[in-house]
Amino acid sequence: MGKSTIAVIGSGPVGLATLKNLLEEDFDVTAFDKRPSVGGVWEFNENINYTSTLPMTISNVSKYKSCFTDFPIPDDLPAYLNASQVAEYLKSYAIHFDLYRHIRLNTEVRQVVRAADSTKWQLHLSSERGDEIIEYDKVVFCSGITALSYVPEIKGIQQFKGRVLHSQAFKRPTEFAGMKVLVVGLGNSAVDTSTALVGHAEKVYVSHRHGINIYPRYCKGKPLDLHIRRRDESIKHALTAIAPAISRKVHESFVQKLTKESFNLDPVWRIHPPPSILTHQPTITDSFIECLHDGLISSVAGIRCFRNGDTVELEDGSIISVDAVIFCTGYRPDFKLTPGLDFTCVSRVSNHNNDLAYEFPFTRLYQNVFAPDYPDSIAFLNNWAFTVGVIPIGDLASMAIAQVWKGAFALPSKEDMNREIDSHYRWVRSLAKGDGVYPGIVQEGPWLRWLHRAAGTGVNENLGYGLQGWIFWLRNPRFCNLLMGGVASVHTFRLFDGRRKKWDGAKEAILRANENAKLYINKV
């Protein structure tokens, strides 16, 4: 019997890690990407239907927490890479692990359907070769969570005579020179878009209905994520399991205090009070607050409706005239590639004031990855969201998929998977009753523990408080204390013996990361 054939859709960070991890387990793997280059959103693309970062975009997660688990970012690069540097890093990863010969670029996957006479999946492809249909035993979807843009329905928008677009189509700030622009939202895309417009647009407004937790990249002289140690995460996850309400209150008090210490917030901007950090991802910025102080950006209320011409009425009754509106309102789960297999259900709840119905999409996937009907042959790595680096979490999740499909880790029965999905749905719905929830949300502690268990990293056992954890500490007390109290290095995922491939360079990379981090730690 030959090797199982697997198609990976997408060659961004998660797609590259998935390709590499499946090849390591001796699967026959090919990745497909409609773009001309690997790198996903980090490679700038002029196509308004492709989400990509702007050339001036800076990563929101430092290189210590946003790299592959067995391929460190070079020491000579800054703590926070710009988009071009991330794109080059991803290309170097593909070269280092000889992935390019397994990747077909400029090849669009139009749909994936179940073969009528077998258990295989048919990929309908379109490229310079023409249209093709190729069958694979398994498929992993790594096309990212930013494919299907979402624009809310707002009364009168058809009457607006100016330019209306989603941030997905925002490519060049110079196109808005001399314009009055209304940016809708207060997340990372809205902040990046509005600050990019400064110096080009005549006037920049940011329209938002609620506040946000907002942080700088550097806090007290060092990268923000260096303040979060593995020991801190373990305590938070343990407290959440025992007393979730208390854990949430403590965590939110800490992050709001961090915001107030970092920025001088004018109450007029309505940034605080923010919604829960549990349901709304934080916004990272170095210049947005300064632009508000300087009057280069104006914070305004949410949109009530559009009027004729260039007029927008806001929820506080004020009226503004603008030439363009850019919606930075996020994305929705996208299953258009799998006709007949849409795993999304839409739930409608009221917000905390019971004055606005809110629809949130929920994806019925076990661990936000596996479809209960086809867990042995399709997996989705584009329907989870995480507040830390996507690269190492995607790397870890694809290790888990590889072990499941290798037969080294068993999934529950279909019935048990559906019961767990139902439980997760009830949890998400309870959160959405407050003021919405971002798509792909996971319960951080349990989800990470499951990924480590499935991948067989040994992290749960060696850095836990069971017998194996105490043995590791007794044998390696200084190194164990460094792992728990130093830089929470993602190379730890490859440190211990386990089912996934161990990296012999992991310990050296962890020690080097901690040594390099002293540059910042010694400043505090």
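Structure: see above.
Described below are features of the structure shown in this document. If you're wondering where the values come from, they're calculated on a predicted model, not measured in any experiment.

Before going further, it helps to examine the side chain of Asn21. Inspection of the secondary structure assignment puts Asn21 in helix H1 (residues 13–24). Exposure remark for Asn21: the relative accessible area of 2% places this residue in the buried category. Of note is the side chain of Asn21, whose polar atom sits 2.8 Å from the side chain of Asp395. If sequence neighbours within four positions are ignored, Asn21 has contacts with Asp395, Ser398, Met399, Ala402 and Arg494.

To continue, consider the nonpolar core. In terms of nonpolar packing, the biggest core is built from 75 residues, with Val140, Phe370, Leu381 and Trp405 touching the most fellow members. Sequence-distant contacts of Val140, that is, excluding residues within four places in its chain, are made with Ile6, Ala7, Val8, Ile9, Thr18, Leu22, Ala379, Leu381, Ile401 and Trp405. With 29 residues, the next largest nonpolar core counts Leu165, Ala196, Ala201 and Ile214 among its residues.

Bringing the packing of aromatic side chains into the picture now. Tallied over the entire structure, the rule returns 23 aromatic pairs. Taken together, a centroid distance of 5.6 Å and an interplanar angle of 25° make the contact between Phe71 and Tyr89 stacked. Highlighted residues: Phe71 in the loop between strand E2 (28–32) and helix H2 (83–96) and Tyr89 in helix H2, separated in sequence by 18 residues. Assigned by exposure class, Phe71 and Tyr89 land together as buried. Plain terms: the ring middles of Phe71 and Tyr93 are 5.7 Å apart, the flat faces sit at 70° to each other, and that makes the pair edge-to-face. Taken together, the residues span a long stretch of sequence, with Phe71 in the loop between E2 and H2 and Tyr93 in helix H2 at a distance of 22 residues. Here the aromatic cluster, defined as three or more aromatic residues joined through ring pairs, consists of Phe68, Phe71, Tyr89, Tyr93 and Phe97. Above the ring of Tyr205, the side-chain terminus of Lys203 is found at 5.6 Å from the ring centroid. Over the face of the ring belonging to Tyr150 we find Arg332, whose NZ or CZ atom lies 3.8 Å from the ring centre.

Reading across from one edge, E3-E2-E1-E7-E24 is the order of the five strands in this open sheet, with parallel pairing throughout. Whereas interior strands pair on both sides, the edge strands pair on one side only; in this sheet they are strand E3 (103–104) and strand E24 (378–380). Note: strand E1 (residues 5–9) against E2, five bridges, orientation parallel. Within E2, the residue paired with Thr5 across the bridge is Asp28. In this fold H1 packs onto E1, E2, E3 and strand E7 (138–141), with an angle of close to 165° to the strand it touches most, E1. Along the sheet face, helix H7 (residues 390–406) touches E1, E7 and E24 and points at about 165° away from the line of E7.

Across the five residues of strand E10 (residues 180–184), four count as buried, placing the element largely inside the fold. In this sheet, strand E11 (residues 203–207) lies alongside E10 in parallel orientation, the contact comprising five bridges. In the strand pairing of E11, Leu182 is matched with Tyr205. For the handedness criterion, the β-α-β arrangement of E10, helix H3 (residues 188–197) and E11 is classed as right-handed. Looking at chain direction, E10 and strand E20 (residues 324–327) are connected through four bridges and run parallel. Note on E20: the bridge partner recorded for Val181 is Ala324.

Charged atoms that come close allow side chains of opposite charge to pair. According to the stated counting rule, one finds 32 salt bridges in the structure shown. A salt bridge links Arg163 to Glu175, with the shortest nitrogen-to-oxygen separation between them at 3.2 Å. Placement of the pair is Arg163 in strand E9 (residues 163–166) and Glu175 in the loop between E9 and E10, with a sequence separation of twelve residues. What you see here is one network of salt bridges that share partners, running through Lys20, Glu24, Asp70, Asp395 and Arg494.

Turning our attention to a nonpolar patch on the surface. Together, Tyr465, Trp470, Trp473 and Leu474 line one region of the surface with nonpolar side chains, adding up to about 500 Å² of accessible area. Structurally, Trp470 is set in helix H11 (residues 467–475).

Another point: the side chain of Thr30. In this structure, Thr30 sits in strand E2. Among all residues touching Thr30, those that are not within four sequence positions of it are Ile6, Ala7, Val8, His102, Arg104 and Tyr136.

Parameters and conventions
Residues numbered from 1 in each chain as written. Predicted model: local features only at pLDDT ≥ 70, side-chain atom pairs only at ≥ 80, totals over all residues. Heavy atoms only, no water. Helix = DSSP H or I, 4+ residues; strand = E, 2+ residues; numbered from the N terminus. Buried < 20%, exposed > 50% of the residue type's maximum accessible area, 1.4 Å probe, protein only. Polar contact = N/O pair within 3.5 Å; in protein donor to acceptor, adjacent residues only side chain to side chain. Contact = heavy atoms within 4.5 Å. Core = buried A, V, L, I, M, F, W, Y, C linked by side-chain atoms within 4.5 Å. Phe/Tyr/Trp six-rings, centres within 6.5 Å; stacked < 30°, edge-to-face > 60°. Lys NZ or Arg CZ within 6 Å of the ring centre and 35° of its normal. Pairing = 2+ DSSP bridges. Axes fitted to C-alpha atoms, helices over the stretch in contact; angles between N-to-C directions. Right-handed = clockwise from strand over helix to strand, strands pointing away. Salt bridge = Lys/Arg side-chain N within 4 Å of Asp/Glu carboxyl O. Patch = residues over 30% accessible without salt bridge, like charges linked within 9 Å, V, L, I, M, F, W, Y side chains within 5 Å. Areas by Shrake-Rupley, 256 points an atom, 1.4 Å probe, with all protein chains shown as cover.

Everything listed here is a matter of coordinates, which is why it stays silent on function.
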